[in-house]
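Analysis of the macromolecular model
Letter by letter, the chains look like this.
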Amino acid sequence: MISQDLIVYLNGEFLPLHQAKVSVLDRGFLFGDGVYEVIPVYGGKPFRLAEHLERLDNSLAGIRMDQPLTSEEWGDMFARLIQGMEDQQIYLQITRGVGPKRDHAFPKGVAPTVFAMCTPIAPIPASGVKAITVPDIRWQWCHIKAVTLLANVLQRQQAVEGGCAEAILIRDGFALEGAASNLFAVLDGVLLTPPKGNDILPGITRDLVVEIAQDNHIPLEQRKILEDELHNAEEVWLTSSTREVLPVIELDGKTVGKGQPGPLWLRMNALYQEHKEVLRKG
Ligand code: PDD
């Protein structure tokens with residue numbers, strides 16, 4: 001539960017959450033017309049900030065909006081929101097603002113709505129999680145981190161109702177990513193992850209895992225993963241800013257590998273934690 005007294009940022013002001021209000025004519029509320037970012041914070045410092053802000057630029061460009069703040073302004077604002085040294089997450093959202101009426105087409109001369117808050121991040125369940133596969137019912141521009149998340153919400157809810165932590169999305173026979181995470185699978189000792197494109201979010205955690213694999217000579221292929229391959233994988237992982245590298249130990253009710261986090265995950269997770277430590281101590 002987020003405290004109502006938490007200081008958040010809204011349109012240039014820092015104010016308690018209970019005072020942060022937006023109009024019901026905000027296009028985020030009416031149309032889901034906006035984009036967002038989730039940035040982990042370790043040791044009081046945002047992790048991979050430049051990469052998150054670059055993706056934000058791309059998401060904004062994808063929906064034909066200008067970047068409302070400079071990188072420096074974002075950094076200064078985050079520094080005011082981050083409280084203490086414990087692990088946290090910054091959530092930021094930009095919508096196309098408040099139009100004069102409800103009209104799908106863009107309003108003219110309207111300022112965007114810019115919101116950000118910083119809340120604690122939960123520790124990840126290192127013992128692994130269960131997942132299900134579901135048909136991908138999302139739109140075609142999944143590379144944009146849009147706030148329009150109804151399909152993802154329904155897919156995640158289906159997973160939760162089945163006692164699972166995530167739904168892995170299948171499109172045209174390929175496993176793409178989770179409802180709110182990227183996907184990795186180990187097949188014959190090779191780490192596989194789908195290539196970046198319009199059908200997945202270019203995850204910042206995904207990129208770091210790819211970078212770690214390349215730096216440490218872990219065999220890696222960025223290629224499409226067949227649904228069948230996923231079901232026969234030795235290991236399956238999900239990655240995200242809030243869940244780091246999360247091992248899947250059961251998929252669609254069947255054990256993955258030996259039903260516990262696999263050896264490559266143990267290695268990758270240790271390397272990933274080292275990156276967090278460097279930030280904490282840096
Ligand atoms: N979601 N794919 C989807 C569809 C996502 O929503 C996310 C992250 C990712 C992983 O991206 P990253 O590693 O940059 O966090 C992949 C965030 C955490 C969310 O919606 O809360």
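About the cut-offs
Throughout this document, residue positions are counted from 1 along each chain, in the order its sequence is written. Note on the predicted model: pLDDT of at least 70 is required for a residue's local features to be given, and 80 or more for side-chain atom pairs to be given and counted; whole-chain, interface and lining totals, by contrast, use all residues. Computation of side-chain values covers all heavy atoms of the structure but excludes hydrogens and water. Strands here mean DSSP runs of E at least two residues long; helices mean DSSP runs of H or I at least four residues long; both are numbered from the N terminus. Here the term buried applies to any residue with accessible area under 20% of the maximum for its type, exposed to any over 50%, and partly exposed to those in between, with areas from a 1.4 Å probe on protein chains only. By the criterion applied in these results, polar contacts are pairs of N or O atoms within 3.5 Å in which, for protein atoms, one can donate a hydrogen and the other can accept it, and in which residues neighboring in sequence qualify only through two side-chain atoms. Contacts between residues were defined by any pair of non-hydrogen atoms, one from each residue, lying within 4.5 Å. Two strands are said to pair when DSSP picks up at least two bridges between them. Under the convention used here, Asp and Glu are negative, Lys and Arg are positive, and both His and the chain ends fall outside the count. Within this document, salt bridges are pairs made up of a side-chain nitrogen of Lys or Arg and a carboxyl oxygen of Asp or Glu, the two lying within 4 Å of each other. The criterion for a residue being near a molecule or strand is simple. One of its heavy atoms has to lie within 4 Å of it. Reported accessibility uses the Shrake-Rupley method at a 1.4 Å probe radius. Residues are deemed covered only where the shown protein chains occlude them. Here the limits of each domain have been adopted from an automatic or database domain assignment. Accessible area that two parts lose when put together, with a 1.4 Å probe and added across both, is what the buried area reports. When residue character is reported, Ala, Val, Leu, Ile, Met, Phe, Trp, Tyr, Cys and Pro are called nonpolar, Asp, Glu, Lys and Arg charged, and the others, Gly included, polar. Multiplying 1.5 Å by the residue count of a helix minus one yields the expected span of that helix.

Overview of the side chain of Asp136
- Here Asp136 is to be found in the loop between strand S7 (129-135) and helix H4 (150-161).
- When its relative accessible area of 12% is taken as the criterion, Asp136 is described as buried.
- Of the polar contacts made by the side chain of Asp136, one reaches the side chain of Arg138; its length is 2.8 Å.
- When sequence neighbours within four positions are dropped, the list of residues in contact with Asp136 reads Gln155, Leu169, Ile170, Arg171 and Leu176.

As for the sheet that holds strand S1 (residues 7-10)
- Reading across the sheet, the 6 strands line up as S2-S1-S6-S5-S3-S4 and stay open at both edges, with antiparallel pairing between neighbours. Every other strand in the sheet has two partners, leaving strand S2 (13-16) and strand S4 (45-46) as the edge strands with one partner each.
- Pairing between S1 and S2: 4 bridges, direction antiparallel. Looking across to S2, one finds that Leu10 is bridged to Glu13.

Examining the side chain of Glu235
- Considering the arrangement of structural elements, one finds Glu235 in strand S14 (residues 235-240).
- With no salt bridge to any partner, buried Glu235 finds its closest opposite charge in Lys258, at an N-O distance of 9.1 Å.
- Only 2.9 Å separates the side chain of Glu235 from the side chain of Trp237, close enough to count as a polar contact.
- Every residue in contact with Glu235, bar those within four places of it in the chain, is listed here: Phe184, Ala185, Val186, Val256, Gly262, Pro263, Leu264 and Trp265.

Observations regarding the site of the ligand
- Every one of the 19 residues lining the ligand counts as a neighbour, but Tyr36, Arg55, Glu177, Thr205 and Ser241 are closest to it.
- Between the ligand and Tyr36 there is a distance of 2.6 Å, counted from an oxygen atom to a side-chain nitrogen or oxygen.
- Separating an oxygen atom of the ligand from a backbone N or O atom of Ile204 is a distance of 2.9 Å.
- Contact with the protein chains removes 89% of the 470 Å² of surface that the ligand exposes when unbound.
- Broken down by secondary-structure element, the contributors of at least two residues to the shell around the ligand are strand S3 (34-42), strand S9 (174-178), strand S10 (181-187), helix H5 (204-215) and S14.
- Lining the shell around the ligand are residues from two domains, each supplying at least three of them: domain 1 (7-120) and domain 2 (129-281).

Concerning the pairing of strand S15 (residues 244-251)
- A large share of S15 lies buried, amounting to 7 of its 8 residues.
- Across 3 bridges, S7 lies against S15 in parallel orientation. In the strand pairing of S15, Val129 is matched with Val248.
- Bridge analysis of S14 against S15 gives 5 bridges, and the strand direction is antiparallel. In the strand pairing of S15, Thr239 is matched with Val245.
- The hairpin formed by S14 and S15 contains 3 residues between the paired strands.
- Relative to strand S16 (residues 254-255), S15 is paired through 2 bridges, and the arrangement is antiparallel. Note that in S16 the partner of Leu251 across the bridge is Lys254.
- Taking the residues that link successive antiparallel strands as the turn, the S15-S16 hairpin has 2 residues, and the phi of Asp252 there is positive, at about 50°.

A closer look at the domain arrangement of the protein chain
- The domain architecture assigned to the protein chain consists of domain 1 (7-120) and domain 2 (129-281).
- Each of domain 1 and domain 2 has a C-alpha centre, and the two are 26 Å apart.
- In this complex, domain 1 contributes 25 residues to the contact, which on the side of domain 2 involves 22 residues.
- Here domain 1 packs against domain 2, burying approximately 2000 Å² in sum over the two surfaces, 62% of which is carbon and sulfur.
- Viewed at the interface, domain 2 and domain 1 are joined by 2 salt bridges.
- Joining domain 1 to domain 2, the criterion identifies 11 residue pairs in polar contact (both at pLDDT 80 or more).
- At the level of elements, S3, S4, helix H2 (49-62) and strand S5 (88-95) are the ones that each hand at least two residues to the side of domain 1 that touches domain 2.
- Grouping the amino acids of the side of domain 1 that touches domain 2 by side-chain chemistry returns 10 nonpolar, 8 polar and 7 charged.

Notes on the environment of Trp141
- Checked against the element boundaries, Trp141 lands in the loop between S7 and H4.
- Along the backbone, Trp141 and Gly62 are 79 residues apart, and their C-alpha atoms lie at a distance of 8.8 Å.

Topic: H5
- In a regular helix each residue adds 1.5 Å, so 12 residues correspond to 16 Å; H5 covers 16 Å between its end C-alpha atoms and thus fits that length.
- Those residues of H5 not exposed but buried are Ile204, Thr205, Arg206, Leu208, Val209, Val210, Ile212 and Ala213.
- Positive phi shows up at His217, right after H5, with a value of about 55°.

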